Amino acid sequence: MAGKVTLVGSGPGDPGLLTIKGREALEAADVVVFDRLISPCVLALIPERAERINVGKQANHHPVPQEQINQILLEKALEGKQVVRLKGGDPFLFGRGGEELELLAAHDVAFEEVPGVTSAIAAPAYGGIPVTHRDFTSSLHIITGHARAGKPLEIDFEALVRTRGTLVFLMGVQSLADICNGLLAAGMAPDTPAAIVERGTLPDQRRLNATVETLPRAAEENGVVSPAVSIIGPVCSLAERFDWFDVLPLKGRRIVVTRPRERAGTLAARLRNLGADVFEYPCIRTVPLVPCPEMEAAVARLTDYEYLAFTSPAGVGCLWDMLERHGSDARALGGVKLAAIGTGTDRELRKHGLRADYIPAVYDAAHLGAGLAEICTGRVLILRAELGSPALTEALDRGKISYDDIHCYTTVYESEYAASLKALIQSGKLDLVTFTSASTVKGFAASVGACDFSRITGVCIGEQTAAEAKHHGIPVIVAKRADIDALVDAILHV
């Protein structure tokens, strides 16, 4: 199979700004060659089977020279690989994307460019600045503020001033004084509104308002560093009125999400949409027990059971995978009633055209067991993890309900990024940690290791989870209900 290189623009930082086509290219990649500043959330979309090559380009420092990057792309494509060259912003806007295609074209290697959202528009937008507005200007001009090493800026300042349009300078932090002085010398009014947006679209974004005359001093006094976008023009006067990002309720809060990787996305996305700086730390992973002869035998005689009970979405997934391996579907469940520990597990059932007949009012193992003991007159089949909470079976025992408790998956602790997380905790730069089960607490504590957990606050989905957090010395806040909506609500009221 012939190889191909796809240049993908990952956008300015907010993972939600990656295009659908860009995501599809990543998911199909055999090799991904990426730069610095690519969002970790975007990098997480790279398939585990894919080779990752970090070429780490940043301003005035290229640990991997451009010529070597070009050669890597060529060599991997000639090996027959599907190669993604992942770049910040848009590859063709001051991204040297065209240069990277020249060697490929010379060797007749297939290539494609997937445009990305440019920071020239996104950073001002997240800073409340529309780059055009018919009451102020009808043109936009995007200029690189980065000069070649040892050479002055090659900008026609007089031409820019004559346009009377919005000027957006990329990669211009170090040359900001030269840029503003050039515009002033070319006749721009000193009180022309201006702004600089640092780390645009990211949770720690910062916008400074100034004028073209005062912008360099404001940037220096406030320690602005790259990446930052400078905007000059009357539209900057709209920033305070149109600011929507800085006023988000969780803006500036750093929150760890500890859910398993396959289920972290919903909670993480909701918190990001509220402005939080989310650190995804999936400290546990569920691993199906395959083969699982006990589950197969129980499902083969489902008529023996009145209820089939699930304590997590993972149990539903394990059952469904087993049915598919045996060429079966939902019809194999016959007339058995379904019980789910909470709405999240019920949602997983609904993905397969099923729905829970019973969900307890309080979403935990104890209430699931107690509820089943009240309504069930037959036998219960439980499909859940190894080392599941004994509260479920204890409640069934008290109600004299017979059951088969089958373990169809196990929970594995993971420790990727543990050192970074521990450093955040020790530095006091971490606000909250979310826990959606006692297992996530155990995985978090085990992977981080010895640490003063009293410096963080755990937001827990239920009392059993909170009890485990307290056991490790973590101060807790408990959601009013054991679901993600209540967990988010608890975070908003911390």
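Residues numbered from 1 in each chain as written. Predicted model: local features only at pLDDT ≥ 70, side-chain atom pairs only at ≥ 80, totals over all residues. Heavy atoms only, no water.

J.: I'm lost on the overall build of the chain in this one. Help?
T.: Looking only at helices and strands, one finds 19 helices and 20 strands in the chain. Along the first, second and third principal axes, the C-alpha atoms of the chain reach 90 × 55 × 45 Å. Across the 494 residues of the chain, 50% fall into the buried class. As presented, the chain carries roughly 22900 Å² of accessible surface, and 51% of it is formed by carbon and sulfur atoms. With 50 positive and 60 negative side-chain charges, the chain shows a spacing of 2 Å between the two charge centroids. (Helix = DSSP H or I, 4+ residues; strand = E, 2+ residues; numbered from the N terminus. Buried < 20%, exposed > 50% of the residue type's maximum accessible area, 1.4 Å probe, protein only. Areas by Shrake-Rupley, 256 points an atom, 1.4 Å probe, with all protein chains shown as cover. Lys, Arg positive; Asp, Glu negative; His and termini not counted. Charge placed at Lys NZ, Arg CZ, Asp CG, Glu CD.)

J.: Honestly, the environment of Val229 in this entry has me stumped. Any pointers?
T.: Examined against the element boundaries, Val229 turns out to sit in strand β10 (residues 228–232). Note on Val229: relative accessible area 5%, which makes it buried. Taking C-alpha positions, Val229 is 27 Å from Leu26, a pair spaced 203 residues apart along the chain. Leave out the neighbours within four places in its chain, and Val229 touches Ser119, Ala123, Pro124, Val168, Phe169, Leu170, Ala195, Ile196 and Val197. (Contact = heavy atoms within 4.5 Å.)

J.: Quick question: what am I supposed to make of the nonpolar core here?
T.: Among the nonpolar cores identified, the biggest contains 28 residues, and Leu308, Leu319 and Leu383 are the most heavily contacted of them. For this core, the secondary-structure elements that each account for two or more residues are α11 (293–300), β14 (307–310), α12 (313–325), β15 (337–340), β16 (380–385) and β17 (403–413). Those residues in contact with Leu319 that sit more than four places away from it in its chain are Met295, Val299, Leu308, Phe310, Leu333 and Leu383. By size, the runner-up hydrophobic cluster in this structure holds 23 residues, among which are Leu176, Cys180, Leu183 and Leu215. (Core = buried A, V, L, I, M, F, W, Y, C linked by side-chain atoms within 4.5 Å.)

J.: In this structure, what is going on with the pattern of salt bridges? I would like to understand it.
T.: Close approach of charged atoms lets side chains of opposite charge pair. Under the defined criterion, the tally for this structure stands at 30 salt bridges. The salt bridge partner of Lys337 is Glu306, with a shortest N-O separation of 3.9 Å. You can see Lys337 sitting in strand β15 and its partner Glu306 sitting in the loop between α11 and β14, a full 31 residues away along the chain. Since its relative accessible area comes to 35%, Lys337 is described here as partly exposed. (Salt bridge = Lys/Arg side-chain N within 4 Å of Asp/Glu carboxyl O.)

J.: Quick question: what am I supposed to make of the sheet that holds strand β11 (residues 254–257) here?
T.: Hydrogen bonds between backbone groups are what pair the strands of a sheet, and the pairing can be parallel or antiparallel. In spatial order, the strands read β12-β11-β18-β19-β20; together these five strands make up an open sheet with parallel pairing. Strands at the two margins of the open sheet, each flanked by one partner only, are β12 (277–280) and β20 (476–478). In this sheet, neighbouring strand axes are inclined to one another by 25° on average, regardless of whether the strands run parallel or antiparallel. Examined bridge by bridge, β11 and β12 share four bridges and lie parallel to one another. Note on β12: the bridge partner recorded for Arg254 is Asp277. Contacts between helix α19 (residues 484–492) and the sheet are confined to β11, β18 (432–435), β19 (457–460) and β20, with β19 contributing the most and set at about 150° to the helix. (Pairing = 2+ DSSP bridges. Axes fitted to C-alpha atoms, helices over the stretch in contact; angles between N-to-C directions.)

J.: Before we go on, may I ask you to explain the state of the cysteines in this structure?
T.: The term disulfide refers to a covalent linkage connecting the sulfur atoms of a pair of cysteines. Under the counting rule described, the total for this entry stands at zero disulfides. A disulfide-free cysteine, Cys283 has its sulfur positioned 12 Å from the sulfur of Cys460, the nearest such atom. Distance from the sulfur of Cys451, which forms no disulfide, to the nearest cysteine sulfur (Cys283) is 14 Å. Judged by relative accessible area, which is 22%, Cys451 ranks as partly exposed. (Disulfide = S-S within 2.5 Å.)

J.: Just checking my understanding: could you explain the pairing of β18 for this structure?
T.: Regular strands place side chains that alternate from one sheet face to the opposite one. Along β18, one buried face is formed by Leu432 and Thr434 and the opposite face, lined by Val433 and Phe435, is buried too. As paired strands, β11 and β18 are joined by three bridges and run parallel to one another. Looking at β18, one finds that Val257 is bridged to Thr434. Bridge count for β18 against β19 is four bridges, and the pairing is parallel. Within the sheet, the bridge partner assigned to Val433 lies in β19 and is Gly458. Note on the crossover from β18 through helix α17 (residues 438–448) to β19: the handedness is right-handed. (Right-handed = clockwise from strand over helix to strand, strands pointing away.)

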